[in-house]
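Examination of the molecular architecture
Read off the chains here:
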Amino acid sequence: MVTDETFTPEFYEQLKKFRLQLKLRLAAGANGGRKSNAKGSSVEFSDFREYIPGDDIRRIDWNAYARFDRLFVKLFMEEKEGLFRIFMDASKSMDFGTPTKAVHSKRLAAALSYCILDNSDRVILNVLKNNKNEVHKGTAGKQGFSRLIDTLSAITFEGENDLTKSIKNQDITGRGMSIIISDLYTDNLEDSLKYLTYKKQEIMVIHVLTKEEMSPEIFETSNLIDSESGASLKVTGSNALLKDYKKAYEEHVTKLQALCKKYSAKYILSLTDSDFTRIFT
């Protein structure tokens, strides 16, 4: 397992205490620890139906036959593994702050993956940058967590990114949960949510920001540079400017929350200086 300053001994101590219960009922998938609406042959009883020629006679309920003089077979709730897709924004704007959004996002992705794998479910990590999607497929089991840490440790944050274009590069089939981790500097979040909803995904959006972005302190003339496009803007700080910024920020977050609600997505705001283990409580 490769580690860096992101995954410190303190991180792993926090991880041991971190548990996330994501309730997700799937209609299809490989055998695992999550219950499905599909009927199969696991040990948990679900229902009866009348016998049809060709049914496995071992599933006939002879007690029911004795009572009703009719043949019934037992149906069971099939165990399924949940499929979780994490879409992590790795554009240059994420490499900002103290600690950076990049470090915080890696920790969030690792913590989520740990809980998913610990529940015998499967996680697919999607790294989004330069309008592309680097897919790390099908990590499963506790040994898979070590490989995922190696993948996260090696990720660099660079370039621009069109969130929807990158997400659509992933061929999504079957029900599952999709988790977006991003600073959401995008104009097309709704397109992403619409696409994932169409693909029958439950959606979680984790909005990662720094305290500086939420409450900047600019009281002198500064040249602000867009880390992705290189565009610059000269501003002179003042109380009036900061007041306008705060208003715009609050309107932006309110809009994001409304979009998530529209598509039944869970919205979570996570600041980089916050304890990642508490954002789901």
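Residues numbered from 1 in each chain as written. Predicted model: local features only at pLDDT ≥ 70, side-chain atom pairs only at ≥ 80, totals over all residues. Heavy atoms only, no water.

On average, residues of the protein chain score 81 in pLDDT, and 77% of them are at 70 or above. Confidence drops under pLDDT 50 across residues 20–31; counting only partners more than four residues distant or on other chains, this segment forms 39 contacts. (pLDDT = per-residue confidence, 0-100. Contact = heavy atoms within 4.5 Å.)

Moving on to the sheet that holds strand β6 (residues 176–182). With respect to topology, six strands assemble into an open sheet ordered β5-β4-β3-β6-β7-β10, the strand pairing being mixed. Whereas interior strands pair on both sides, the edge strands pair on one side only; in this sheet they are β5 (132–140) and β10 (266–271). Ignoring which end each strand starts from, the neighbouring axes of this sheet average 15° apart. Relative to β5, strand β4 (residues 122–129) runs antiparallel, the two being bridged by seven bridges. Residue pairing in the sheet places N126 in a bridge with V135 of β5. Along the sheet, helix α4 (residues 142–154) makes contact with β3 (83–89), β4 and β5, crossing β5 at roughly 160°. (Pairing = 2+ DSSP bridges. Helix = DSSP H or I, 4+ residues; strand = E, 2+ residues; numbered from the N terminus. Axes fitted to C-alpha atoms, helices over the stretch in contact; angles between N-to-C directions.)

Take the pairing of β6 next. Of all seven residues in β6, seven are buried; the element is thus mostly enclosed. The alternating pattern of β6 places G176, S178, I180 and S182 and M177, I179 and I181 on opposite faces, both of which are buried. Pairing between β3 and β6: five bridges, direction parallel. Its bridge partner lying in β6, F84 is registered against M177. Two elements, β6 and strand β7 (residues 201–209), share seven bridges in a ladder whose sense is parallel. Bridging from a neighbouring strand, S178 pairs with I203 of β7. Once you follow β6 into helix α6 (residues 189–198) and on to β7, the crossover reads as right-handed. (Buried < 20%, exposed > 50% of the residue type's maximum accessible area, 1.4 Å probe, protein only. Right-handed = clockwise from strand over helix to strand, strands pointing away.)

Glancing now at the pairing of β3. The buried fraction of β3 is high, at seven of seven residues. Burial along β3 is two-sided: the residues L83, R85, F87 and D89 and F84, I86 and M88 are all buried. Pairing between β3 and β4: seven bridges, direction parallel. Bridged to I86 within β4 is L125. Assessed by its sense of winding, the connection that carries the chain from β3 through helix α3 (residues 101–118) to β4 is right-handed.

Counted by the stated rule, this structure contains four aromatic pairs. Look at F11 and Y12: their rings are 5.2 Å apart centre to centre, the planes differ by 80°, and that puts the pair in the edge-to-face class. Ring plane angle 65° and centroid distance 5.4 Å describe the contact between Y114 and F145, whose orientation is recorded as edge-to-face. Taken as a pair, Y114 in helix α3 and F145 in helix α4 lie far apart in primary sequence, 31 residues in all. A network of ring pairs unites the aromatic residues F7, F11 and Y12 as a single cluster. (Phe/Tyr/Trp six-rings, centres within 6.5 Å; stacked < 30°, edge-to-face > 60°.)

It is worth spelling out α6 at this point. Given 3.6 residues to a turn, an α-helix orients residues that are three or four positions apart in the same direction. If you check which residues of α6 are buried, you get L189, S192, L193, Y195 and L196. Seen along its axis, α6 keeps its buried residues to an arc of 160°; they face one direction. Summarising the contacts, the buried residues of α6 are in contact with β3, α5 (163–167), β6, β7 and α8 (239–262). Remark: K200 follows α6 within two positions and exhibits a positive phi of approximately 65°. (Arc of directions from axis to C-beta.)

Another aspect to go through is unusual backbone geometry. In this model, T98 is joined to P99 through a cis peptide bond whose omega is -10°. With respect to the secondary-structure elements, P99 resides in the loop between β3 and α3. Residue N131 is not a glycine yet carries a positive backbone phi of 60°. Turning to its location among the elements, N131 is positioned in the loop between β4 and β5. Accessibility expressed as a relative area gives 30% for N131, which makes it partly exposed. One non-glycine residue with positive phi stands out, namely L184, at about 60°. The topology assignment puts L184 in the loop between β6 and α6.

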